[in-house]
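# Tertiary structure, described
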Amino acid sequence: MHNLHPCPEKKKLPIGEEFFSNIRTKGFYYIDKTGLISELLRTRGSVNLFTRPRRFGKSLNLDMLKAFFETGADAALFEGLEISTEKELCAQHMGKYPVLSLSLKDTGGENFQAALESLCMAVSEEASRLDFLMESDRLMQHDKAKLNHLIENQMEKPSAVHNSLKLLTRLLRKHYGVSVIVLIDEYDVPLDKAYQNGYYPQMASLIRAMFSQALKTNENLEFAVITGCLQIAKESIFTGLNNFKVCTVSDVRFAEYFGFTGQEVKEMLSYYGLEDKFELFREWYDGYRFGNTHIYCPWDVLSQCDKFRESENARMESHWENSSSNQIVKDILEHATETAKADIEALISGECVEKTLISGLTYADFDDSSPQKKQDFLWSILFAAGYLTDASEPAGRVHKLVIPNREILEIFQEKILAWFEKKSVNSARRWQKFCEAVKQGDGQTVQALFNSFMEDSISIRDTSARKEMKENFYHGLLLGLLRAEESWIVKSNAESGTGYTDILVMAPQEKTGCIVEVKYAEAGAFDAACRQAARQIQENGYAAVLKKEGMQTIYKFGIACYKKSCKVISDKE
């Protein structure tokens, strides 16, 4: 058996570490992505936008670019990495440019004024990083006065905010005599937050003005690299930019530099003595297709690797969901048409759907669009945000979309089932009868009502999708109904006895507990599936945890599901 616990000679996992210099100097494991630098220099435009889902290494890559290009760069940070073999390129470009670096990932607020203040703070922090310019003998006093206003966060007039980035590039070039590289991380975050809180037009106008001055016909600019999750329409934010290059997840170029390749995951797992876990990692976190390259979500791989280093018996978990919020996805799903719901059924069942995607999005269009147009947004945003990926190479704008992996399948089900739960609970009387039947151990009534709920819901098709995936779907359906009862404690996949029960319910006031085991009834074999569920509850001692919690009455439910039907058997402990 491998020693899976942390040991001194092994490097630390860089979970949440976005500073390249820290990773390279403080003993972190690093997967070499420096090939991005040479590829960028060979193919760049004046302004280069990289769109990738959240948690795919955009911020770290941008900081790597800063560490490489910025004046005074430490060559030791790149020793032994791919870029260090390109001697001529390093001699020509490493440490040769002033760099302006701005992160907008924490910019936003409940209203425009709060968002404006957070944006001004981000600009002020970058100006403070460049405060050495206050001592420059190449800057005039009026230049230093303007810089000081930024440092002191005294941007009272809108024009001062609009001009802030261009001003900093002008001062940097004046000091160094060299054009400036501009790096802007998570440019779409303030726009997303503005959409959520109802001030999108104001924020779009502000970002457009800042970007236009800094990136359009700015003689102080060498080039810019911008990252984000969504590709906001050029006409909305990047109006009038020439030589503007966009690299999305569909593009072949740069595909391997955001996220981990299968080979990189294998090497990392081998380094930590976890090579026998590779197939689990592939099932849960692989499946993304960037260009022609299969990609793993790096946040998931690092987080789960850390779990296994802590305990060899760690369970596979969903990590990306807890680190990524896309409110617009939830909003769009609430507007899903019956056709969209049928497509979602197909996706959950393991099928692909063919959709024409919109290459440039605006939040304003979503608010003003027809129901059909909103459905086009649904697929485009689910794709850009990482909830769907290409099953094969796109045919023009038409994409064959699939759910990439097990983790996203579970997330996907939860988001769909959140809609279902809302609809079901709105049928208050029926839902209350369902909860009362559960609490009374009334299997016949639970069966009748759960069947009626399933008639109203999306279903899972009887396809080649694994049995486990089908069971997860019905599991989620039940979980949504049970969790809506706020006075209950409801746990999913809770450890109990010698295994993990599907659903554990406790009604503390009545000291009543329930064990629910869900099975998929292959070809409608309800009786056999119910017996299997009941046997599993009994043999594994799932009721043990309820007894330990002081539950005096315990009911056991075996539930078999197939398409939109179920059979329920119940028993008292």
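Higher on the page you've got the structure.
Reference entry: report on the structure contained in this document.

What counts, and where the lines are drawn
Residues numbered from 1 in each chain as written. Predicted model: local features only at pLDDT ≥ 70, side-chain atom pairs only at ≥ 80, totals over all residues. Heavy atoms only, no water. Helix = DSSP H or I, 4+ residues; strand = E, 2+ residues; numbered from the N terminus. Buried < 20%, exposed > 50% of the residue type's maximum accessible area, 1.4 Å probe, protein only. Contact = heavy atoms within 4.5 Å. Areas by Shrake-Rupley, 256 points an atom, 1.4 Å probe, with all protein chains shown as cover. Phe/Tyr/Trp six-rings, centres within 6.5 Å; stacked < 30°, edge-to-face > 60°. Lys NZ or Arg CZ within 6 Å of the ring centre and 35° of its normal. Lys, Arg positive; Asp, Glu negative; His and termini not counted. Salt bridge = Lys/Arg side-chain N within 4 Å of Asp/Glu carboxyl O. Polar contact = N/O pair within 3.5 Å; in protein donor to acceptor, adjacent residues only side chain to side chain. Axes fitted to C-alpha atoms, helices over the stretch in contact; angles between N-to-C directions. Parallel < 35°, antiparallel > 145°, perpendicular 65-115°, else oblique. Left-handed = near helix turned anticlockwise from the far one by under 90°. Nonpolar A, V, L, I, M, F, W, Y, C, P; charged D, E, K, R; others polar. Expected span 1.5 Å × (residues − 1). Pairing = 2+ DSSP bridges. Core = buried A, V, L, I, M, F, W, Y, C linked by side-chain atoms within 4.5 Å. Disulfide = S-S within 2.5 Å.

The number of helices and strands found in the protein chain is 24 helices and 16 strands. Here the protein chain, with 573 residues, has 56% of them falling under the buried criterion. Excluding contacts between residues fewer than 6 apart, the proportion of contacts in the protein chain whose partners are at least 24 apart in sequence is 72%. By element, 45% of the accessible surface of the protein chain is carried by carbon and sulfur atoms, the whole surface being about 24500 Å².

The tally for this structure, following the rule as stated, stands at 29 aromatic pairs. Relative to Y272, the ring of Y29 has its centre 5.7 Å away and its plane inclined at 50°; by these criteria the two rings are tilted. You can see Y29 sitting in the loop between helix 1 (20–25) and helix 2 (35–43) and its partner Y272 sitting in the loop between helix 11 (262–271) and helix 12 (278–285), a full 243 residues away along the chain. Of the two residues examined, Y29 and Y272, each falls in the buried class. Between Y474 and Y520, the aromatic rings sit 6.4 Å apart at their centres with planes inclined by 20°, giving stacked as the arrangement. Here the residue Y474 occupies a position in helix 22 (residues 467–483), and Y520 occupies one in strand 14 (residues 512–520), the gap between them amounting to 46 residues. For the pair Y474 and Y520, one class covers both residues: buried. Put simply, the rings of F20, Y30, F68, F69, F78, Y97 and F223 pair up and form one aromatic cluster. Above the ring of W299, the side-chain terminus of R55 is found at 3.9 Å from the ring centroid.

Structurally, the position occupied by K58 is in helix 3 (residues 58–69). Lacking a salt bridge, the buried K58 has E186 as its closest oppositely charged neighbour, with an N-O distance of 4.0 Å. There is a polar contact of 3.3 Å between the side chain of K58 and the backbone oxygen of R52. In contact with K58, other than residues within four places in its own chain, are F50, R52, P53, D185, E186, T227, G228 and F258.

What follows covers the packing of helix 8 (residues 189–197) against helix 9 (residues 200–215). The description of two helices packed together rests on the angle between their axes and the distance between the axes. Closest axis-to-axis distance for the helix 8/helix 9 pair is 8 Å, and the angle between their directions is 160°. By the criterion of interaxial angle, the relationship of helix 8 to helix 9 is roughly antiparallel. Considering how the two elements wind past one another, helix 8 and helix 9 form a crossing that is right-handed. Contacts between helix 8 and helix 9 involve P190, L191, A194 and Y195 from the former and Y200, M203, A204 and I207 from the latter. In terms of residue class, the contact of helix 8 with helix 9 is built from eight nonpolar, no polar and no charged.

With that settled, consider the packing of helix 5 (residues 112–129) against helix 9. With their axes 10 Å apart at the nearest point, helix 5 and helix 9 run at an angle of 25° to one another. Between helix 5 and helix 9, the crossing angle belongs to the class labelled roughly parallel. Classified by chirality, the crossing of helix 9 by helix 5 is right-handed. Counting all contacts with helix 5, which are made through F112, A115, L116, L119 and V123, the residues of helix 9 involved are Q202, M203, L206, I207 and M210.

Further remarks concern helix 23 (residues 526–539). Between its terminal C-alpha atoms helix 23 stretches 20 Å, which fits the 20 Å expected from 14 residues at 1.5 Å a residue. Elements that come into contact with the buried residues of helix 23 comprise strand 14, strand 15 (553–562) and strand 16 (565–572). G541 sits one or two residues past helix 23 and shows a positive phi near 65°.

This next bit is on the pairing of strand 9 (residues 353–356). Side chains V353 and K355 of strand 9 all project onto a buried face; the interleaved residues E354 and T356 project onto a face where none is buried. Looking at chain direction, strand 9 and strand 11 (residues 398–402) are connected through four bridges and run antiparallel. Its bridge partner lying in strand 11, T356 is registered against V398.

Before going further, it helps to examine the sheet that holds strand 6 (residues 260–261). Across the sheet, which stays open at both edges, the three strands sit in the order 6-8-7 with antiparallel pairing between neighbours. Both edges of this open sheet fall to strand 6 and strand 7 (288–290), since each of them pairs with a single strand only. As paired elements, strand 7 and strand 8 (residues 293–296) share three bridges and run antiparallel to each other. Pairing of Y288 across the sheet is with I295, part of strand 8. Contacting strand 7 and strand 8, helix 12 crosses the sheet at an angle of about 100° to strand 8.

As a further point, take helix 21 (residues 443–456). For helix 21, which comprises 14 residues, the first-to-last C-alpha distance of 20 Å matches the rise-based estimate of 20 Å (1.5 Å per residue) to within 8%. Residues of helix 21 that are buried: G443, V446, L449, F450, N451, F453 and M454.

Time to look at the nonpolar core. Core analysis: the largest hydrophobic core is formed by 124 residues, its most contacted members being L215, W379, F434 and F450. Of all the elements, helix 9 adds the most residues to this core, at nine residues. The next biggest cluster of nonpolar side chains, apart from the first, holds 33 residues, and it includes L40, L41, L60 and F78.

Among the five residues of strand 1 (residues 47–51), five are classified as buried, and the element is accordingly described as predominantly covered. Pairing of strand 1 with strand 4 (residues 221–228), which is carried by five bridges, proceeds in the parallel orientation. Paired with N48 across the two strands is V225, which belongs to strand 4.

This part covers the pattern of salt bridges. Pairing between side chains becomes possible if they bear opposite charge and their charged atoms approach one another. Summed over the entire model, instances satisfying the criterion amount to 22 salt bridges. The closest approach of N and O atoms between E70 and R129, which form a salt bridge, is 3.0 Å. Of this pair, E70 sits in the loop between helix 3 and helix 4 (87–93) while R129 sits in helix 5, and the two are 59 residues apart along the sequence. The class for R129 is partly exposed, based on a relative accessible area of 30%. Two residues, K556 and E573, come together in a salt bridge whose shortest N-O distance is 3.0 Å.

As used here, a disulfide is simply a covalent bond connecting the sulfur atoms of two cysteines. The final tally for this structure, using the stated rule, is zero disulfides. As a non-bridged cysteine, C566 has C561 as the owner of its nearest cysteine sulfur, 5.3 Å distant.

A few words on unusual backbone geometry. Most peptide bonds take the trans form, and the phi angle of most residues other than glycine is negative. In this structure, R55 is a non-glycine residue whose phi angle is positive, near 70°. Following the sequence through the fold, R55 ends up in the loop between strand 1 and helix 3. Located in the positive-phi region is K511, a residue other than glycine, with phi close to 50°. Take K511: it is sitting in the loop between strand 13 (499–507) and strand 14.

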